[in-house]
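# Survey of secondary and tertiary structure
So you can see what is in the structure, the chains are spelled out below.
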Amino acid sequence: MESCASNGGRQGSERGRPVRVQRASKRQPAATTVVTRFRCNATMVGVLGTAVVLLAVLHLTVAKEIAIRNRDVPQYKERPEWLRQCRRANPNEDDCFKKMFEGTFPYIAKGIPEIGVQPFDPLRIESIQVSRGSGGLTLSGGFKKLSIKGPSNTTVRRASLDFGKKVLAFDLEIPKLRIDAVYNLKGNVLLLPLVGDGDVTMTLKNVKTAVVTKFSVRPMPEDAIFIEEMKVTFLVGGMRIHLDNLFQGNQVLGASLNLFLNQNAAEVIGELRSDLEYGLADIFTGLWNELFNKLPLKLWLS
């Protein structure tokens, strides 16, 4: 199997640089010519474009939906039994804030209807529309019936709250995230068409995320934390993806795209890192504002 790294594909993986086309020898069989040319043209343009749309656009859209979902729902009036109390003077004493933060996960996973927190495992989205065009890459279409499983299995490795600096920080580990959806995409990758509609499945393993936020205290109407900005960094241990019915069912090109993506997961994730970190910041901001806005400080800080 011919790799793009040996024929100019590596240059195409650099952001903003064109992919060099390796022309096949006349002595190559027709099928090999098609697969090699497809692989090297689409490598870091079509594949990354598809993955960016699926991950980054998905995260950004989810965050915006979540951020406004429970805006008009009243805050808690009394402390629920699952909400741990910490000392305001030192909320990190004896890992109190970490335990409080971690203790919320089972409840937000199944939803907290009294404050408008909807279940997020699985997180379900009816549809996402896509319109993306840049240089030799154009994609349009969308995803429907998205289901994201696994966020409720998050482990909080570290969490700290600093009221003096207005900083909240935490490190999270998620063993596995599975994304299932129905996709419909069409466009062009350089001179090649990119067309597909069918089922898509993506699995991310051993996701490690570090989050640092700046927050304020706002009256809503009782004083509560409001996350103003967030920075996210992450590492992914592995990724698997499968797109059904690519190129109108062309098994050769479809198999080539899926094979490349799975064989080069680390490089793909590296190319996607900035988009994903931006998208993760959006979704985490929405999720934690949805919760913290409804928890008056007086209920969990003494």
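Each value, and the rule that gives it
Residues numbered from 1 in each chain as written. Predicted model: local features only at pLDDT ≥ 70, side-chain atom pairs only at ≥ 80, totals over all residues. Heavy atoms only, no water. pLDDT = per-residue confidence, 0-100. Contact = heavy atoms within 4.5 Å. Disulfide = S-S within 2.5 Å. Helix = DSSP H or I, 4+ residues; strand = E, 2+ residues; numbered from the N terminus. Buried < 20%, exposed > 50% of the residue type's maximum accessible area, 1.4 Å probe, protein only. Core = buried A, V, L, I, M, F, W, Y, C linked by side-chain atoms within 4.5 Å.

Overall, the prediction assigns the chain a mean pLDDT of 76, with 69% of residues at 70 or greater. Throughout residues 1-50 the model reports pLDDT below 50, and contacts reaching past four residues in sequence, or to other chains, amount to 83 contacts. Counted against residues more than four places away or in other chains, residues 63-68, with its pLDDT under 50, gives eight contacts.

A few words on the state of the cysteines. Enumeration over the complete set of coordinates arrives at one disulfide. Across the disulfide, C86 is cross-linked to C96 (sulfur-sulfur distance 2.1 Å). With the S-S bond torsion at -95 degrees, the cross-link from C86 to C96 turns out left-handed. Within this pair, whereas C86 is found in the loop between α3 (46-69) and α4 (96-103), its partner C96 is found in helix α4, the two being separated by 10 residues in sequence. Like C86, the residue C96 is buried in the burial classification.

We now examine the environment of V236. Mapped onto the elements of the fold, V236 is located in strand β6 (residues 223-243). With 33 residues separating them in the primary sequence, V236 and I269 have C-alpha atoms 7.6 Å apart. Setting aside chain neighbours within four positions, we find V236 in contact with L204, K205, N206, V207 and I269.

Further remarks concern the nonpolar core. Membership of the largest hydrophobic core comes to 69 residues, with the highest contact counts inside it found for F97, F101, F284, W288, F292, L295 and W300. With 10 residues, helix α7 (residues 265-292) is the single largest residue contributor to this core. With residues near it in sequence (within four places) discarded, W288 still touches F101, T104, F105, I108, F170, I227, M230 and N293.

This part covers the side chain of T213. In this fold, T213 is placed in strand β5 (residues 192-219). Taking relative accessible area as the criterion, T213 reaches 1% and is therefore assigned buried. T213 has contacts with K166, V167, L168, I227, E229 and M230, leaving out every residue within four places of it along the chain.

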